[in-house]
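The chain contents come next:
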Amino acid sequence: MSCPKGEYCVALFERDEILLKALQEVKKEGIRIHDVFSPYPVHGIDELLDIKRSRLPVVAFLFGILGLALALFMQIGMMTFDWPMIIGGKDFLPWPAFIPVSFELTVLLSAMGMVSVFFIISDLKPWARPTLFDKRSTDDKHVLVIQLSEQKHSREDIQGLLKNNGAEEINHQIL
Amino acid sequence: MADPSLSIQKPLVTGGKTAHDVTQDVCSQVEKKPTKEWLVGISISLLCLSIGSYALLRTLWDGIGMWGLNRTVGWAWDITNFVWWVGIGHAGTLISAVLLLFRQRWRMSINRAAEAMTIFAVICAAQFPILHMGRPWLGLYWVFPLPNTFGSLWVNFNSPLLWDVFAISTYFSVSLVFWYIGLIPDFATIRDRAKGYISKIFYATLSMGWTGSAKAWSRYESVALILAGLATPLVLSVHTIVSFDFATSIVPGWHTTIFPPYFVAGAIFSGFAMVLTLVVVTRKVYKLEDYITIRHIELMNIIIIITGSIVGIAYLTELFIAWYSGVEYEQYAFLNRATGPYWWAYACMMLCNVVSPQLFWFKKIRTNIASTFILSIVVNIGMWFERFVIIVSSLHRDYLPSSWAMFYPTFYDVGIYLFTLGLFFTCFFLFAKFFPVVNMAEVKSILATNSEKYLKTKNTNKT
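Being a predicted model, the structure only gives us computed values, none of them experimental. (Residues numbered from 1 in each chain as written. Chains lettered and ligands numbered in written order. Predicted model: local features only at pLDDT ≥ 70, side-chain atom pairs only at ≥ 80, totals over all residues. Heavy atoms only, no water.)

Here Asn158 of chain B lies in the loop between helix H6 (136-143) and helix H7 (160-191). Of the residues examined, Asn158 of chain B reaches a relative accessible area of 9% and is grouped as buried. Setting aside residues no more than four positions away along its own chain, Asn158 of chain B makes contact with Met79, Ile87, Lys90, Pro94 and Ala97 of chain A together with Trp163 of chain B. (Helix = DSSP H or I, 4+ residues; strand = E, 2+ residues; numbered from the N terminus. Buried < 20%, exposed > 50% of the residue type's maximum accessible area, 1.4 Å probe, protein only. Contact = heavy atoms within 4.5 Å.)

See below:
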């Protein structure tokens with residue numbers, strides 16, 4: 001995800017509990033948080049950053065329904081309508097025999113569809129070359145980023161607040 | 001927030017590792033020059049692969065007449081190997097998906113290697129049905145729903161062999177995606193440490209521009225959970241459908257309803273054995289003893305006892321039902337298995353699968369690396385024999401005694417098996433060199449060094 005140009009205040013945290021406490025304080029002051037970059041998922045951060053629950057499960061469900069419909073359409077179309085044949089004395093519509101393939105295609109389309117949508121909405125693509133605020137955010141640091149231009153508070157206030165709330169390192173970046 | 005359970009439970013990762021240590025320990029294996037052990041390992045694998053390739057090419061050139069099959073025994077090594085490899089794959093999905101749903105945190109340091117194993121095992125498994133088609137280039141019309149040249153005569157959706165095509169390809173695709181999704185954040189970690197030009201491009205491409213923003217993690221977690229939810233019934237369905245290949249036939253010894261659960265248990269059993277074989281070596285060579293601890297190995301050995309016992313009960317149930325059914329053919333099939341010309345294969349199966357895992361009831365044995373390694377190989381030999389016994393001993397004496405025959409493997413049967421072993425280990429060695437063998441992001445989230453308790457004890461020690 002590309003960042004808009006501007007001035008940013010970047011604070012590094014080592015432990016997730018301290019990060020969460022700092023986030024609460026920052027939120028209390030009414031400072032808008034640009035984003036937080038973490039090396040691993042931090043539980044409880046979604047509420048603090050007002051991240052809504054992902055609707056990807058719904059996407060998976062819809063793709064699953066599509067997979068099931070396609071599987072039934074294919075099997076019934078081929079075996080019952082296009083070239084009906086009696087195989088092993090079974091009916092032209094041997095529905096129990098259609099269960100395995102229907103199940104597999106439901107799972108296949110559900111998984112593939114959801115993952116494709118995940119890649120698209122998260123802007124994940126092989127040629128993406130993002131610039132990180134701090135490369136340590138994929139190693140061991142949680143990086144809290146605040147865009148300065150859109151705040152009421154001064155730069156010094158924000159930096160002081162972060163420092164008091166356990167930020168290990170604070171720097172100022174201009175993109 | 002760090003999970004409160006971290007302060008109560010024994011730490012899963014020992015040695016007081018910090019998040020940075022995790023990155024360092026795992027990435028350094030990717031970054032440094034290949035070790036001597038690795039070069040020796042991959043050379044042996046490539047040697048197996050090349051010897052096996054000869055057998056494979058001769059089979060393609062001259063046809064499957066090169067194999068030891070005959071009119072009575074039309075399925076033997078090929079399908080044995082197919083079922084064996086598919087079964088091995090199951091442990092990877094079980095570890096990453098089922099244990100994720102059950103919130104078993106100990107899966108985290110072994111799931112990456114186990115999932116890699118799944119993918120390579122399924123690739124190996126797929127070789128056998130493809131080769132058994134004889135002319136695989138025509139097989140496109142036999143396995144995929146494409147109309148043939150005479151019009152729109154389609155594939156037969158009543159056939160379990162066709163269900164298998166869908167099951168295996170779905171299983172492969174979903175496992176691959178699941179594995180890859182888990183790898184993305186770790187590729188990003190390697191990308192951000194990479195020094196060389198080529199490795200920078202390589203890992204930047206693989207990590208697809210991952211930044212680790214809060215929103216991305218939130219979506220990532222929901223994708224991982226849904227994929228686990230999808231993979232769990234999928235893994236059960238795959239071996240169920242593999243067992244349908246046999247169970248829907250009318251061959252005595254195959255035509256039983258116990259097959260699906262019995263095959264799934266056997267698959268998990270053999271898969272965990274293969275995970276142990278690989279993990280015991282990997283942790284030693286890569287010095288990952290703090291991540292894959294004795295406790296991990298013990299827990300896996302406990303799963304081996306459970307699944308091994310289920311398999312044992314299944315064998316006994318089969319025998320009982322054969323007797324209780326009153327069907328003469330069924331009774332003969334089982335009598336022939338145990339006392340016929342293939343009695344040694346049956347004895348080997350019983351010994352390796354039912355007796356040997358019971359040794360893990362002793363804590364000393366299940367917490368010992370050497371005995372775990374040996375028993376894991378014994379179990380895999382046993383599970384290979386299980387499939388051989390089911391397939392060959394049921395076929396070689398069918399309803400018509402005049403067509404009774406024996407199966408003798410040729411060099412080409414063995415050669416193609418060697419080919420898949422070479423393929424599997426070549427892939428695994430490449431994975432172990434170029435990919436992070438431990439899921440760094442997940443392990444970092446369960447570090448004991450993150451917990452309040454650890455910091456308190458650390459601070460009191462200081463003062």
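Taken as a whole, the largest pocket spans an internal volume of roughly 1000 Å³. Lining the largest pocket are 43 residues; nearest its centre among them are Pro41 and His43 of chain A together with Arg103, Glu221 and Ser222 of chain B. Only helix H2 (45-48) of chain A together with helix H4 (77-101), helix H5 (111-132), H7, helix H9 (214-247) and helix H17 (440-445) of chain B provide two or more residues apiece to the lining of the largest pocket. When residues of the lining of the largest pocket are assigned to their parent elements, the largest contribution, 9 residues, is made by H9 of chain B. Of the residues that constitute the lining of the largest pocket, the class distribution is 20 nonpolar, 10 polar and 13 charged. (1 Å grid on protein atoms, 1.4 Å probe; cavity = no way out; pocket = protein on both sides within 12 Å on 5 of 7 lines; lining within 4 Å. Points joined across faces, edges and corners; volume = space filled by probe spheres on them. Nonpolar A, V, L, I, M, F, W, Y, C, P; charged D, E, K, R; others polar.)

Under the 1.5 Å per step criterion, the end-to-end length of H9 of chain B is 49 Å for 34 residues, consistent within 8% with the ideal 50 Å. In terms of burial, H9 of chain B is a largely internal element, 26 of the 34 residues being buried. (Expected span 1.5 Å × (residues − 1).)

In this section: the side chain of Lys17 of chain B. Residues and elements named next belong to chain B. Following the sequence through the fold, Lys17 ends up in the loop between helix H1 (5-8) and helix H2 (19-31). Judged by relative accessible area, which is 16%, Lys17 ranks as buried. Polar contacts involving the side chain of Lys17 include one to the side chain of Asp25, which spans 2.9 Å. (Polar contact = N/O pair within 3.5 Å; in protein donor to acceptor, adjacent residues only side chain to side chain.)

Let us look at the interface of chain A and chain B. Reports often express the size of an interface as the amount of accessible area lost when the parts come together. Contacts between chain A and chain B engage 62 residues on the former and 60 residues on the latter. Put simply, chain A and chain B have 0 salt bridges between them. Taken together, the connections running from chain A to chain B amount to 19 residue pairs in polar contact (both at pLDDT 80 or more). At the level of secondary structure, the elements contributing two or more residues to the side of chain A that touches chain B comprise helix H1 (16-28), strand E2 (35-37), H2, helix H3 (56-82) and helix H4 (95-121) of chain A. (Salt bridge = Lys/Arg side-chain N within 4 Å of Asp/Glu carboxyl O.)

This part covers the nonpolar core. Grouped together as the largest cluster of nonpolar side chains are 166 residues, with contacts concentrated most on Trp85, Phe157 and Phe272 of chain B. Take this core: its biggest share by element is 16 residues, from H7 of chain B. Ignoring any residue separated from it by four or fewer positions in sequence, one finds Phe272 of chain B in contact with Ala91, Leu94, Ile95, Trp106, Met300, Ile303 and Ile304 of chain B. Residues Val26, Ile51, Leu148 and Leu162 of chain A belong to the second largest nonpolar core, which totals 24 residues. (Core = buried A, V, L, I, M, F, W, Y, C linked by side-chain atoms within 4.5 Å.)

Residue and element names in this part refer to chain A. Here strand E3 (residues 142-147) lies mainly inside the structure; 6 of its 6 residues are buried. Taking every second residue as pointing to the same face, both faces of E3 are buried, with His142, Leu144 and Ile146 on one and Val143, Val145 and Gln147 on the other. Note that E2 and E3 share 3 bridges and pair antiparallel. Within the sheet, the bridge partner assigned to Val36 lies in E3 and is Leu144. (Pairing = 2+ DSSP bridges.)

Our focus in this paragraph is the packing of aromatic side chains. All names here are of chain B. In total, this model carries 49 aromatic pairs over all chains according to the counting rule given. Aromatic side chains Trp217 and Tyr220 sit 4.9 Å apart centroid to centroid with 85° between the ring planes, which places their arrangement in the edge-to-face category. Here Tyr220 and Trp217 lie together in helix H9, a separation of 3 residues that amounts to about one turn. Neither residue differs from the other here; Trp217 and Tyr220 are each classed as buried. For the pair Phe246 and Trp254, a centre-to-centre distance of 4.9 Å together with 75° between the ring planes defines the contact as edge-to-face. By relative accessible area, which is 4% here, Trp254 ends up buried. Feature note: the residues Trp77, Trp84, Trp85, Tyr342, Trp344, Trp384, Phe385, Phe388, Phe407, Tyr417, Phe424 and Phe425 constitute an aromatic cluster, connected by ring pairs. In this structure, Arg337 is placed above the aromatic ring of Phe334, and the distance from its NZ or CZ to the ring centre is 4.6 Å. Over the ring of Phe434 we find Lys433, and its NZ or CZ is 5.5 Å from the ring centre. (Phe/Tyr/Trp six-rings, centres within 6.5 Å; stacked < 30°, edge-to-face > 60°. Lys NZ or Arg CZ within 6 Å of the ring centre and 35° of its normal.)

All names here are of chain B. Together, Trp137, Leu138, Leu140, Tyr141, Trp142, Phe144 and Leu146 make up a nonpolar patch on the protein surface, roughly 690 Å² of accessible area in all. Along the chain, the position of Tyr141 falls in helix H6. Using a relative accessible area of 38% as the deciding quantity, one classes Tyr141 as partly exposed. (Patch = residues over 30% accessible without salt bridge, like charges linked within 9 Å, V, L, I, M, F, W, Y side chains within 5 Å. Areas by Shrake-Rupley, 256 points an atom, 1.4 Å probe, with all protein chains shown as cover.)

Take helix H5 (residues 155-164) of chain A next. Residues and elements named next belong to chain A. Here H5 has its buried residues at Ile158, Leu161 and Leu162. Seen from one end, H5 has its buried residues packed into an arc of 95°, which puts them on one side. Residues of H5 that are exposed and point more than 90 degrees away from the buried face comprise Glu156 and Asn164. Contacts made by the buried residues of H5 are with strand E1 (7-13), H1, E3 and strand E4 (169-174). (Arc of directions from axis to C-beta.)

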